[in-house]
Amino acid sequence: TVTALNSMWSNFCVTETYEPGSVVKPIVMAGALEKGKISETDTFVCDGGQTFGANGDTYIKCAVWPDAHGTEALRDVIANSCNDAMMQIGMKMQITPFLKYQRLFNFGSRTGIDLPNESTGVLYDRDSMHEVELATNTFGQTFTSTMIQEYAAFNAVVNGGYYYEPHMVKQILDDNSGVVKNINPVLLRQPVSTKNADFVLSAMEQTVLDGTGKKARVPGYRVAGKTGTAEKINPET
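Residues numbered from 1 in each chain as written. Predicted model: local features only at pLDDT ≥ 70, side-chain atom pairs only at ≥ 80, totals over all residues. Heavy atoms only, no water.

Draft legend 1. Structural context of the state of the cysteines. In the structure shown here, the tally under the stated rule is 0 disulfides. In this structure C46 is not part of a disulfide, and its nearest cysteine sulfur, from C82, lies 3.7 Å away. By relative accessible area, which is 2% here, C46 ends up buried. (Disulfide = S-S within 2.5 Å. Buried < 20%, exposed > 50% of the residue type's maximum accessible area, 1.4 Å probe, protein only.)

Draft legend 2. Just the packing of aromatic side chains, in detail. Within the structure shown, the criterion is met by 1 aromatic pair. Their ring planes at 80° and their centres at 5.9 Å tell us that F107 and F143 sit as a pair that is edge-to-face. One end of the pair, F107, is in the loop between α6 (95-104) and α7 (131-137); the other, F143, is in the loop between α7 and β6 (145-146), and 36 residues separate them in sequence. Pair check on accessibility: F107 and F143 agree, each one buried. The cationic tip of K61 hangs over the ring face of W65; the distance from NZ or CZ to the ring centre is 3.9 Å. Across from the ring centre of Y163, 5.4 Å away, lies the NZ or CZ of R189, which sits over that ring. (Phe/Tyr/Trp six-rings, centres within 6.5 Å; stacked < 30°, edge-to-face > 60°. Helix = DSSP H or I, 4+ residues; strand = E, 2+ residues; numbered from the N terminus. Lys NZ or Arg CZ within 6 Å of the ring centre and 35° of its normal.)

Draft legend 3. Structural detail: the packing of helix α8 (residues 147-158) against helix α9 (residues 194-210). Direction vectors running N to C along α8 and α9 enclose 105°, while the axes themselves pass 7 Å from each other. Our classification of the angle between α8 and α9 gives roughly perpendicular. Here F154, V157 and V158 of α8 lie close against α9, whose contacting residues are A197, V200, L201 and M204. A per-class count over the contact of α8 with α9 returns 7 nonpolar, no polar and no charged. (Axes fitted to C-alpha atoms, helices over the stretch in contact; angles between N-to-C directions. Parallel < 35°, antiparallel > 145°, perpendicular 65-115°, else oblique. Contact = heavy atoms within 4.5 Å. Nonpolar A, V, L, I, M, F, W, Y, C, P; charged D, E, K, R; others polar.)

Structure (structure tokens):
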């Protein structure tokens with residue numbers, strides 16, 4: 001009975017968790033800017049990947065490996081969806097501040113959306129996160145979230161840094177269409193400043209103009225976005 005009820009009330013976007021992939025990059029970048037670990041004028045060199053571990057035995061590739069993005073401005077890091085530069089940003093940010101901003105953007109906690117069976121996702125803590133885990137977290141792998149967590153966090157970046165509690169119901173009406181209750185937006189916090197959020201938003205606009213998100217262009221409109229793929233399926237295997 002419990003299994004049947006859970007199945008009936010299951011909603012993938014709030015119940016199931018997944019590795020979100022590169023759509024977390026704007027959120028990570030906004031946190032690093034807010035912490036003062038990077039600045040808008042910084043440049044990064046992508047040579048195809050980064051080496052980690054005391055013996056240098058862990059090499060994590062950029063998505064374009066064996067190619068490389070070369071020297072990139074900060075906006076280019078988002079536009080190119082560069083894993084190498086994001087790992088460098090993670091190293092500048094360091095583990096404790098990185099974990100703090102994951103929590104400020106509400107990863108690891110329920111959003112409070114008015115739907116049942118919401119999950120929390122699984123994050124590393126200070127004891128379990130090391131430099132390899134930090135590196136992979138910067139581009140959305142090795143931790144899990146729900147779609148609604150990612151959506152709410154992403155919205156905070158595009159809404160000037162303001163994190164609102166997501167909700168489905170706007171208004172409750174009676175049988176005569178009279179308003180019983182209005183559900184007003186609930187502002188929970190501002191994880192990052194409007195200045196830093198707007199910079200990242202401009203980088204996501206560049207993503208659609210000439211970066212990895214060009215297919216999302218709409219003639220006559222300004223469009224900002226971010227591509228994200230946690231793992232690509234090999235159609236041959």
